[in-house]
Amino acid sequence: MNLPNKITLTRICMIPLFITVFYLGLVTKWCYLAAAFVFLLAALTDALDGHIARSRNLVTNLGKFLDPIADKVLVSTAFIIMLTIPDPFCVHPFGEYGLIAAGICVALILARELIVSGFRIIAAGRNLVLAADGLGKIKTVLQDVAVALLLVSMPFILSADAMKTAGEIIAYLGLACFALCTMLTVVSGVNYLIKNKEVLKG
């Protein structure tokens, strides 16, 4: 197993660590900051393994299989577990409606990833190479930023006075990125299907 694949596996192994640190936030709210750090570290390994694989000509079928799975599982896990402690989604004036909207957005994101993954499986069976979608890459970056900002906001939202206000401001930024990445998720998904519609021919 080469270095890029080891880095990708490390990212997958960091997912249980991220979950553990996140729920330690129930013990001390500052663990949400630690969870943000673990998430960002895991997300950054995506760029690292890709760069090493391309620059050193170490691209393998295993890497092509593991890398997108690691990315999707990491982001999906983050969004799903964050819905269980919804404080950043429920900031004023959204309240409980913010959580409902967040649930719908997460469902759209997961649906897009499942559909595109299915598309890629069909393409692989027909020996077709599907070009990467630029919008999809921007979407992924926005997802990572949204998760990080929302996680960082949590300990401050759970505090009082000025710290709570600062947390709400950070949460608003995270929610803006979350809404934007959801829109890009839908647009990039539709664009991906249209660009590669020949996969379904026959």
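Residues numbered from 1 in each chain as written. Predicted model: local features only at pLDDT ≥ 70, side-chain atom pairs only at ≥ 80, totals over all residues. Heavy atoms only, no water.

## Section: a nonpolar patch on the surface
1) Next: Among the surface-exposed residues, Tyr 97, Ile 100, Ile 104, Leu 108, Val 186, Val 190 and Ile 194 lie close enough to one another that they form a single nonpolar patch of about 680 Å² accessible area.
2) Next: Of all elements in the fold, only helix 4 (96-125) and helix 6 (161-195) reach the threshold of two or more residues within the nonpolar patch.
3) Next: Examined against the element boundaries, Ile 104 turns out to sit in helix 4. (Patch = residues over 30% accessible without salt bridge, like charges linked within 9 Å, V, L, I, M, F, W, Y side chains within 5 Å. Areas by Shrake-Rupley, 256 points an atom, 1.4 Å probe, with all protein chains shown as cover. Salt bridge = Lys/Arg side-chain N within 4 Å of Asp/Glu carboxyl O. Helix = DSSP H or I, 4+ residues; strand = E, 2+ residues; numbered from the N terminus.)

## Comments concerning the pattern of salt bridges
1) Next: Within the structure shown, the criterion is met by 7 salt bridges.
2) Next: Note that Asp 71 and Arg 11 form a salt bridge whose closest N and O atoms lie 3.0 Å from each other. Here Asp 71 is found in helix 3 (residues 61-84), whereas its partner Arg 11 is found in helix 1 (residues 3-23), with 60 residues between them in sequence.
3) Next: The buried category is assigned to Asp 71, whose relative accessible area is 17%.
4) Next: Here Arg 11 falls in the buried class, since its relative accessible area comes to 0%.
5) Next: The network of salt bridges with shared partners includes Arg 11, Asp 46, Asp 49, Asp 67 and Asp 71. (Buried < 20%, exposed > 50% of the residue type's maximum accessible area, 1.4 Å probe, protein only.)

## Let's talk about the nonpolar core
1) Next: With 38 residues, the main nonpolar core has Phe 18, Phe 22, Phe 39, Leu 151 and Phe 178 as its most contacted residues.
2) Next: Within the residue set of this core, elements represented by two or more residues are helix 1, helix 2 (31-55), helix 3, helix 4, helix 5 (134-157) and helix 6.
3) Next: The contact partners of Phe 18, leaving out residues within four places of it in the chain, are Ala 35, Val 38, Phe 39, Ala 78, Ile 81 and Leu 151.
4) Next: Among the nonpolar cores identified, the runner-up in size contains 5 residues, and Val 116, Phe 119, Tyr 192 and Val 199 belong to it. (Core = buried A, V, L, I, M, F, W, Y, C linked by side-chain atoms within 4.5 Å. Contact = heavy atoms within 4.5 Å.)

## Quick word on the environment of Ala 36
1) Next: Structurally, Ala 36 can be placed in helix 2.
2) Next: Overall, Ala 36 belongs to the buried group, its relative accessible area being 3%.
3) Next: Taking C-alpha positions, Ala 36 is 16 Å from Val 73, a pair spaced 37 residues apart along the chain.
4) Next: Dropping the residues within four chain positions of it, Ala 36 is found in contact with Ala 148, Leu 151 and Val 152.

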